[in-house]
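Listed here are the chains, written in short residue letters.
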Amino acid sequence: MGEPLIELRGVSKAFGDRIVLDEVDLAIYPNEAVGIIGPSGTGKSTILRLIAGLIAPDAGEIYLKGQRRTGLVDEGKDPFGVGMVFQRAALFDSLTVDENVGFLLYQHSRLPRHQIRQQVERVLEMVGLPGTGDRYPSELSGGMRQRVSFARAILKNPDNPADNPELLLYDEPTAGLDPIASTVIEDLIRKLQCTEDGCTTYAIVTHQHSTIRRTADRIVFLHEGKVQWEGRVEEIDTTDNPAMRQFFTGSVDGPIRVAG
Ligand SMILES: Nc1ncnc2c1ncn2[C@@H]1O[C@H](COP(=O)(O)OP(=O)(O)OP(=O)(O)O)[C@@H](O)[C@H]1O
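Notes on the structure in this doc start here. (Residues numbered from 1 in each chain as written. Predicted model: local features only at pLDDT ≥ 70, side-chain atom pairs only at ≥ 80, totals over all residues. Heavy atoms only, no water.)

Here's the deal with the site of the ligand
Okay, step 1: Near the ligand you find 14 residues, and of these R18, G41, K44, T46 and H207 are the closest.
Okay, step 2: Note that an oxygen atom of the ligand is positioned 2.3 Å from one of the side-chain N or O atoms of R18.
Okay, step 3: Note that an oxygen atom of the ligand is positioned 3.3 Å from one of the side-chain N or O atoms of E172.
Okay, step 4: Burial of the ligand by the surrounding chains reaches 62%, relative to a free accessible area of 640 Å².
Okay, step 5: Mapped onto the shell around the ligand, the elements with two or more residues apiece are strand 2 (18-28) and helix 1 (44-52).
Okay, step 6: At four residues, helix 1 tops the list of elements feeding residues into the shell around the ligand. (Near = heavy atom within 4 Å. Polar contact = N/O pair within 3.5 Å; in protein donor to acceptor, adjacent residues only side chain to side chain. Areas by Shrake-Rupley, 256 points an atom, 1.4 Å probe, with all protein chains shown as cover. Helix = DSSP H or I, 4+ residues; strand = E, 2+ residues; numbered from the N terminus.)

Below, the structure is given as C-alpha cells:
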C-alpha cells in the first residue's frame, strides 16, 4: 500500500482524568475512504481533530507522508492541507455563501477578489450549487448548507499549493438530514473523492448506517479508547466481533455499556 498519508502511532489523549484515546495506532493510505465509527463519546471527533492538527496528542506521534508533525496546523509546517467538514455545516450566518466558502482566501491570501470569486464559483459548481454565492446560509436547506461547507473544505489556494487539501475529514456530515438529503451528501462525498484534479483521501465519522456503508471502503471501530476492529465495509455483516455486532444491531446487550 506504500507510505501512509497520515499515521497515528501510539496516540493517547485525555481530557481531565478521562482517557479518551489510549495508544491508538491508525494509518490512512492515499486515496482511501476510511470510516471511523463507534459508540458516542468514544473519541471519534477527537481523532479527527488530532489528524487535522487542531489539538496535540498527550503521547504518541503523528506522521504526515512519513514526516513527524511537531506542532499544530497553524504553525504552517504540514506538507499538505487537510480540509474539514464539521457537523451541521458551521457557516457564518452573517456572511454570504461566497464569503463563507472563500473565507480563508479573502482573509489570508493576496489574490484579487474577482479571482477568489471565480475559485469559489468553481467549487460551488462541483457541489451542485452554481450561482448561489450571493445567498445567505439562512436561505438554504440543511443539505445545501452542508454542501456549502464541502465547497469550503475543497477550495484550493493557487497562491500556496502546499496548503491544498489532500485529505478531507468529514465529521457526521449527514447528521440531522432526512434520508434523501443524506443520499445526496453521500453521493457527493463519493463524487468528490475523484475529480478531474485527481483523487482525495478521506476519513469520515458517522453514526448513520447508510453513510457508513455508502461512503467508507475500510472501517475502523473505536471503543473504550482503542481500535477494537478494522476491516472492509463488506465484512460488517459477517464479523463475529461482539462490540461490532452490538453496534450494528443496536442491541442493549453486549460489551458496549448503555449510558444513562
Ligand atoms: N475539549 C474538550 N474538553 C473536555 N472534554 C472533551 C473535549 N473534547 C472532547 N471531550 C470529551 O471526550 C470524549 C470524546 O469526545 P468525542 O467528541 O471525540 O467523541 P465522539 O466519539 O466523536 O462522540 P459522538 O459520537 O457523541 O460525537 C467525550 O466524553 C467528550 O465529552
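With respect to the environment of R147
Okay, step 1: Structurally, R147 is set in helix 5 (residues 142-154).
Okay, step 2: Classification of R147 as buried rests on a relative accessible area of 17%.
Okay, step 3: Sequence spacing of R147 and L48 is 99 residues, and the spatial spacing of their C-alpha atoms is 19 Å.
Okay, step 4: At 3.2 Å, the side chain of R147 and the backbone oxygen of V127 are in polar contact. (Buried < 20%, exposed > 50% of the residue type's maximum accessible area, 1.4 Å probe, protein only.)

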